[in-house]
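What the coordinates show
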Amino acid sequence: MHKTYAIPQYVLDEIEQHAKDVERYLSGQLSSDLFKARRVPRGIYEQRQHGLYMVRVRVAGGFLWSSQAKKLAELSRRYANGRVHVTTRQDIQLHEVKIEDTYPIMKGLLEVGLTPLGGGGNTVRNITACSHGGLLPGEVFDPQPYAVALTNYLLPFQSSYNLPRKFKIAFSGCATDCSLAQVNDLGFLAKIRNGQKGFAVYVGGGMGTRSRVAELFKDFIPVEDLLRVAEAVKRVFLRYGDRRNPHRARLRFVVERLGVDNFLHELEQELLKVTAEGIPNAVPVELAAEPLPPAAPPADVHIDGDAFEKWRKIAVRPQRQEGFFLATVLIQRGDLAADDLQRLAEAAERHAGSQLRTDRLQNLLIPYIPAAHLASLYHELQNLSQNVTVPHHGESLLVSCKGAATCRLGICRSQDLNAAISQEALKAGLDRSVFSEIEIHTSGCPNNCGQHAIAPLGFFGAARRKNGRSYPCYTIVAGGQAGKDGATLSQNLAELPAKHIPAFTVELLKDYANSQLRPQGFLAYWEQRGRALALELTGKYSVIPAPEEAPDFYRDFGTEEDFSLAGRGPGECGAGIFELIAQELKKAEAEFLDAKQLVKETSERAQKLLHAVVLAAGALLVTRGIEPGNPDVALKEFERHFIDQGLADKKHLELLLLARSALRGKAQLLLDEEARIRALLDEVQALYDSMDAALNFPVKLKDQAEQKTCTFNKPPELNLRGVKCPMNFVRAKIALEQLEEGQVLEVILDEGEPINNVPASFRSQGQEVISITPEDADSYRVKIRRVK
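These remarks concern the structure in this document.

About the criteria used
- Residues numbered from 1 in each chain as written.
- Predicted model: local features only at pLDDT ≥ 70, side-chain atom pairs only at ≥ 80, totals over all residues.
- Heavy atoms only, no water.
- Helix = DSSP H or I, 4+ residues; strand = E, 2+ residues; numbered from the N terminus.
- Buried < 20%, exposed > 50% of the residue type's maximum accessible area, 1.4 Å probe, protein only.
- Contact = heavy atoms within 4.5 Å.
- Areas by Shrake-Rupley, 256 points an atom, 1.4 Å probe, with all protein chains shown as cover.
- Core = buried A, V, L, I, M, F, W, Y, C linked by side-chain atoms within 4.5 Å.
- Phe/Tyr/Trp six-rings, centres within 6.5 Å; stacked < 30°, edge-to-face > 60°.
- Pairing = 2+ DSSP bridges.
- Axes fitted to C-alpha atoms, helices over the stretch in contact; angles between N-to-C directions.
- Salt bridge = Lys/Arg side-chain N within 4 Å of Asp/Glu carboxyl O.
- Disulfide = S-S within 2.5 Å.
- Expected span 1.5 Å × (residues − 1).
- Parallel < 35°, antiparallel > 145°, perpendicular 65-115°, else oblique.
- Left-handed = near helix turned anticlockwise from the far one by under 90°.
- Nonpolar A, V, L, I, M, F, W, Y, C, P; charged D, E, K, R; others polar.

**Examining the overall build of the chain**
What the chain contains, in helices and strands, is 22 helices and 26 strands. Taking all 788 residues of the chain together, 58% fall into the buried category. For the chain, contacts bridging at least 24 residues in sequence account for 69% of all contacts bridging at least 6. Looking at the chain as shown, the accessible area adds up to about 31,500 Å², and 49% of this sits on carbon and sulfur atoms.

Below you can see the structure in the form of structure tokens.
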């Protein structure tokens, strides 16, 4: 069985833990908030449709063996909606999955070496690479084997799944930068210097509500240094990323906060440390060094010669490997029926090298097609339920995220807008070849999943109100590009109602198609003529009719329902400990305010006050590796970990005692305690506000003085046998924080994931791991010196 990247033990353990979490969640033993914090980093998002989920599968470098594609098709038919979606980051998504079916999907994916781990949340996301890497002339060298090598390096570390925010990495095989390395958190552009393979390294870029072009960190590193550079960047991100504010937690905000020079200096210093640790050289994972021979000779088929030649012109390119061709499978909206994916995989086995590639323009590629098999492959492609041999008047060349049709963050139905543009182009007789000359990207909201920030022409969704009614709207952006002259972000032009966007787009593109500037490309046209015309057109198309005159205007494309933001929920991308605590504190505050509204001293008021105390007491326990199983545990553990440790005031002890009595049927005891409950809520909120990115709280001065009187005759020891990641790290970190700088903590850890991850996590936080020695057959003793 062919596989691309290696599945580490951490991923296997997480999948088994997921099965237990699903069972506990469905039985009510695991809260939805905590379950969300665990499932999102596993690549499982809840859709806009309550109770249905999306599973995002990591496809490293966009490389898929046909056997993997067939398994994806099988799983989609069995557990999802019978379709797959190709994303702009080369993942494959399965939609409309029941939560109880996510574990069987994970197990099925393992059979072919795939996983959704890291498909979401604050993790190292799918590492992308040029989809045609190693296939076409002109590239410096194929970056795909290095994308897989870096995937293999990063996947085993627990820290790769618990970052301050998502961390995106891209590889491009030449300065054309097809993979947008210059607008990723970490990007690598292939270069050769003095005959040696290497990369230019870019850091701190990204696309979102505040996009940023990356800074050049190294003009050239040898390919062997790849893992060390990636590790150094990840550690700096771990140290300085702002976990408390998900909207400013990406690496690009660290660059802004530290300043470019300071940020690059931190990277240089961290790279020196990483290099001293002996992290190995990167070894490329060659996946396509030798194309597989076709399994059978081409069939004698009858085809339309003219249509076949048009397909060859539009979708087929000769490879640099003599005698082989690369075909682009043109997919509408990035969506494909599972049965069609199955047939494509089988066709790739019969007529090509048993490989598929996903690309960021949401199409599939079939490489290594011998010339003699092109006609047979074309014949089979025509038998799919979706015609993938023609560009459908642009629809298969328009890029879009899933949008509000499924995404809980989506505002507008971006896929349906692209379909409407395509239909308008067909109606207006616009030559579809225009779409092959311009990348048009649409996102359903400002979050840039459709990559509109780098688009020559693009749109992102918003909601506006007129005459007391909401209507869908898009902001027009243009001028973006990435290439040998660097990257340029697109600029906002104007807003238009969604229903006017297709006519606006087609009128602009018709002018471009007929312009003498067309041979210079769309960006040249935009600068010299297109921008002025677009501004003129926005005036023409800005009219908003009254609801009674045009009710359809107040509905989005693809739906008969009036436009609203109902069903839009908090984004799942930022799921994590900070968000979890914030939600608990919000609930505590709501219970307290509700209680204040109840004037009479009723049992309902007493219960709400009790809930406020319990929620506040339990909110921060996750930072101590504790999941409060019941209210009594929350009260006791808060006392032990926050009051006894001097982090919270002892004045709360009496309130906690009253709350415990309330849990035993004496809730009325809390009716006169509003002032003390208010004080508890305020102090827990203040602790949360003071918490740093590493989940540390500032120690009060009087407690620091007390702690300095503590001495140890021998290093303190913490036995963490049987404690899994990340709780073992959290507990060890807490113990280390009780020591003064320079003192040593000895920790006993199980073999496997604990010994692989916990010492590395301490190193990433700047602590000194003095030694790691075998304790017995199944565990190790680790000595850690507190450095800061």
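There is more to say after this.
**Structural notes on the nonpolar core**
Generally speaking, a soluble globular protein has its nonpolar side chains buried in company with each other. Counting 67 residues, the largest nonpolar core has Trp311, Leu341 and Ile366 as its most contacted members. At 6 residues, the largest contribution of residues to this core is made by helix α10 (residues 338-351). What Ile366 contacts, discounting residues up to four positions off in sequence, is Phe325, Leu326, Ala327, Val329, Leu344, Ala348, Ala352, Gln355, Leu356 and Leu377. The next biggest cluster of nonpolar side chains, apart from the first, holds 42 residues, and it includes Leu150, Val236, Val254 and Leu271.

**Re unusual backbone geometry**
Positive phi is not limited to glycine here, since Glu96 has a value of about 60 degrees. Within the secondary structure, Glu96 is located in strand β5 (residues 92-97). With relative accessibility at 38%, the residue Glu96 sits in the partly exposed group. Despite not being glycine, Gln362 shows a phi value in the positive range, around 70 degrees. Judged by relative accessible area, Gln362 falls into the buried class, the value being 1%.

**Here we look at the packing of aromatic side chains**
Tallying each qualifying case throughout the model produces 23 aromatic pairs. Summarising the aromatic geometry, the rings of Trp311 and Tyr378 are spaced 5.1 Å apart at their centres and angled 40 degrees between planes, so their arrangement reads as tilted. Highlighted residues: Trp311 in helix α9 (residues 305-315) and Tyr378 in helix α11 (residues 374-381), separated in sequence by 67 residues. With relative accessibility at 1%, the residue Trp311 sits in the buried group. Taken together, the ring pairs in this structure connect Phe141, Tyr146, Phe171, Phe188 and Phe199 into an aromatic cluster.

**Points about the sheet that holds strand β9 (residues 196-203)**
Pairing in this open sheet of 5 strands is mixed, and the strands run β6-β7-β8-β9-β10 from one edge to the other. What marks the edges here is a single partner per strand, and that holds for β6 (128-129) and β10 (215-222). Where β9 lies against β10, 5 bridges are found, and the strand directions are antiparallel. Looking at the pairing, Tyr202 lines up with Leu216 of β10. Here helix α8 (residues 260-276) sits on the sheet and contacts β9 and β10; the angle it forms with β10, its principal contact strand, is near 30 degrees.

**Some words on the sheet that holds strand β26 (residues 779-785)**
With mixed pairing, 4 strands are arranged side by side in an open sheet as β23-β24-β26-β25. On the outer flanks of this sheet lie β23 (717-719) and β25 (768-776), each paired with one strand and no other. Pairs of neighbouring strands in the sheet enclose a mean axial angle of 20 degrees, with direction left out of account.

**Structural notes on the side chain of Arg165**
Within the element layout of this structure, Arg165 appears in the loop between α5 (144-154) and β7 (169-172). On the basis of relative accessible area, Arg165 is assigned to the buried category, the value being 12%.

**Considering the pattern of salt bridges**
Going through the model one piece at a time under the given rule, you end up with 56 salt bridges. Here Arg38 ties to Asp21 by a salt bridge, and the two come within 3.1 Å at their closest N and O atoms. Of this pair, Arg38 sits in helix α2 (residues 32-39) while Asp21 sits in helix α1 (residues 9-26), placing them 17 residues apart in sequence. Residues Glu46 and Arg39 are paired through a salt bridge, measuring 4.0 Å at the closest nitrogen-oxygen approach. Among the residues examined, Glu46 registers a relative accessible area of 13% and is labelled buried. Here Arg39 falls in the buried class, since its relative accessible area comes to 3%.

**A few points about the pairing of β9**
Most of β9 is tucked away: 6 of the 8 residues are buried. Examined bridge by bridge, strand β8 (residues 186-193) and β9 share 8 bridges and lie antiparallel to one another. Looking at the pairing, Leu186 lines up with Val203 of β9. In this antiparallel pair of consecutive strands, β8 and β9, the connection spans 2 residues, and Asn194 shows a positive phi of 55 degrees.

**Some details on the state of the cysteines**
What we call a disulfide is simply a covalent bond connecting the sulfur atoms of a pair of cysteines. Tallying each qualifying case throughout the model produces 0 disulfides. Of the cysteine sulfurs around Cys130, a residue in no disulfide, the closest is that of Cys178, at 4.8 Å. Not engaged in a disulfide, the cysteine Cys407 finds its nearest cysteine sulfur in Cys445; these two sulfurs lie 6.2 Å apart.

**Overview of helix α16 (residues 603-619)**
Every α-helical turn comprises 3.6 residues, leaving residues that sit three or four positions apart pointing alike. For α16, which comprises 17 residues, the first-to-last C-alpha distance of 24 Å matches the rise-based estimate of 24 Å (1.5 Å per residue) to within 8%. When you tally the buried positions in α16, you get 12 out of 17 residues, the bulk of the element. The set of residues buried in α16 consists of Arg605, Ala606, Lys608, Leu609, Leu610, Ala612, Val613, Val614, Ala616, Ala617, Gly618 and Ala619.

**Observations concerning the packing of α1 against α2**
Working note: a packed helix pair is described by the angle between its axes plus the distance between those axes. Two elements in contact, α1 and α2, have axes separated by 10 Å at closest approach and are oriented at 160 degrees. Taken together, the axis directions place α1 and α2 in an arrangement best described as roughly antiparallel. Judged by the twist between their axes, the crossing of α1 over α2 is left-handed. Here Gln17, His18, Asp21, Val22, Arg24 and Tyr25 of α1 lie close against α2, whose contacting residues are Ser32, Phe35, Arg38 and Arg39. In the contact of α1 with α2, the residues fall into 3 nonpolar, 3 polar and 4 charged.

These results come straight from atomic positions and should not be treated as a statement about function.
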